[in-house]
Amino acid sequence: MNRSHAGHFAPLTHAARREKGNTAMFTTPHKGLARAGLLLGAALASTVLCATAGATAATAAPAADGAASQRAGAPAGTQRPCPVVYFDLGETLVHTAEDGSTSYLPGAAAYLRDLRAHHIQVGLITNVPPSWGATDAERAARLKQEVDATWRGSAPFAWRDFGDRILTPRTDAERKPAPALWQRAKAASGHCRLVYQAETAEEVGAAAAQGFVPYQVGRPHRPEFLPVGLVELLGRGVR
């Protein structure tokens with residue numbers, strides 16, 4: 001989430017962000033498509049499993065004495081089956097058009113519904129001006145006002161799904177890609193597996209460095225968002 005002038009958010013507008021060439025992709029026979037689909041699924045699963053293993057390794061040492069588990073209210077050595085999927089907002093879930101209107105990006109509303117149907121919690125980690133409030137709740141309230149004032153989608157944004165998991169910078173020093181917001185999300189999530197989805201490689205890389213399973217949205221020839229089935233695998237303790 002960025003700002004083009006004081007007081008008004010401007011999610012990055014990528015007019016040419018998704019030149020996917022989908023019609024050109026699907027000119028092979030059905031057998032070739034099936035093989036490509038299997039390869040894509042295997043590649044995605046491998047990506048998630050490798051990222052999960054890296055996240056486990058990155059967080060294993062601090063938890064070795066069981067103190068972190070006890071602070072989270074869970075016995076040492078256990079992991080709650082509760083993936084939490086965090087998102088950036090602008091150009092990940094919503095798009096701001098040239099006229100300033102805001103709406104869901106294609107597939108975003110359906111993806112959030114699918115996560116909701118599978119009882120998977122979601123959150124936002126997004127940059128807004130620290131002056132919007134003294135607490136995350138105050139800054140989130142202002143964010144909702146800003147988005148809702150320009151919303152042109154056929155259905156309202158699903159703020160209720162995010163609950164109090166809307167993390168924003170308290171100071172300019174906490175703005176992404178600084179690690180503070182991901183660290184705060186991690187501290188609040190106990191031993192849940194954490195996923196972070198955003199449109200920039202810089203942000204997903206920063207999230208991965210904090211132990212999140214990263215997924216860059218909007219890339220050609222792959223699902224727009226991390227498939228819900230793979231998110232569920234994370235909640236089953238896949239390593």
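Please read these numbers as outputs of a predicted model, since none were measured by experiment. (Residues numbered from 1 in each chain as written. Predicted model: local features only at pLDDT ≥ 70, side-chain atom pairs only at ≥ 80, totals over all residues. Heavy atoms only, no water.)

Undergrad: Help me out: how do you make sense of the nonpolar core in this one?
TA: For soluble globular proteins, nonpolar side chains are generally found buried alongside one another. Core analysis: the biggest nonpolar cluster contains 35 residues, and Phe 87, Leu 89, Leu 93, Leu 115, Phe 157 and Phe 162 have the highest contact counts within it. Counting residues per element, the ones that place at least two in this core are strand 3 (84–87), helix 4 (108–117), strand 6 (121–125), helix 5 (136–150), helix 6 (159–162), strand 9 (213–216) and helix 9 (228–235). Sorting elements by how many residues they give to this core places helix 4 first, with five residues. Formed by 16 residues, the second largest nonpolar core is a distinct cluster that contains Leu 167, Tyr 196, Ala 198 and Ala 207. (Core = buried A, V, L, I, M, F, W, Y, C linked by side-chain atoms within 4.5 Å. Buried < 20%, exposed > 50% of the residue type's maximum accessible area, 1.4 Å probe, protein only. Helix = DSSP H or I, 4+ residues; strand = E, 2+ residues; numbered from the N terminus.)

Undergrad: What exactly am I supposed to notice about the pattern of salt bridges here?
TA: Oppositely charged side chains can form a pair if their charged atoms are brought close together. Within this structure, the stated rule accounts for eight salt bridges. Notably, a salt bridge pairs Arg 184 with Glu 174, separated by 3.1 Å at the nearest N-O pair. A residue pair is termed long-range when its members are at least 10 positions apart, and Arg 184 in helix 7 (residues 180–188) and Glu 174 in the loop between strand 7 (166–167) and helix 7 qualify at ten residues. Across the pair, Glu 174 and Arg 184 agree in class, each one buried. (Salt bridge = Lys/Arg side-chain N within 4 Å of Asp/Glu carboxyl O.)

Undergrad: Whenever I open this one, the pairing of strand 3 confuses me. Can you help?
TA: As a general feature of sheets, a regular strand has side chains that alternate between the two faces. Alternating residues of strand 3 divide into Val 84 and Tyr 86 and Val 85 and Phe 87, and every residue in both groups is buried. Pairing analysis gives four bridges linking strand 3 to strand 6, with the strands arranged parallel. Bridging from a neighbouring strand, Tyr 86 pairs with Gly 123 of strand 6. Two elements, strand 3 and strand 8 (residues 194–198), share four bridges in a ladder whose sense is parallel. By the bridge assignment, Val 84 is partnered in strand 8 with Leu 194. (Pairing = 2+ DSSP bridges.)

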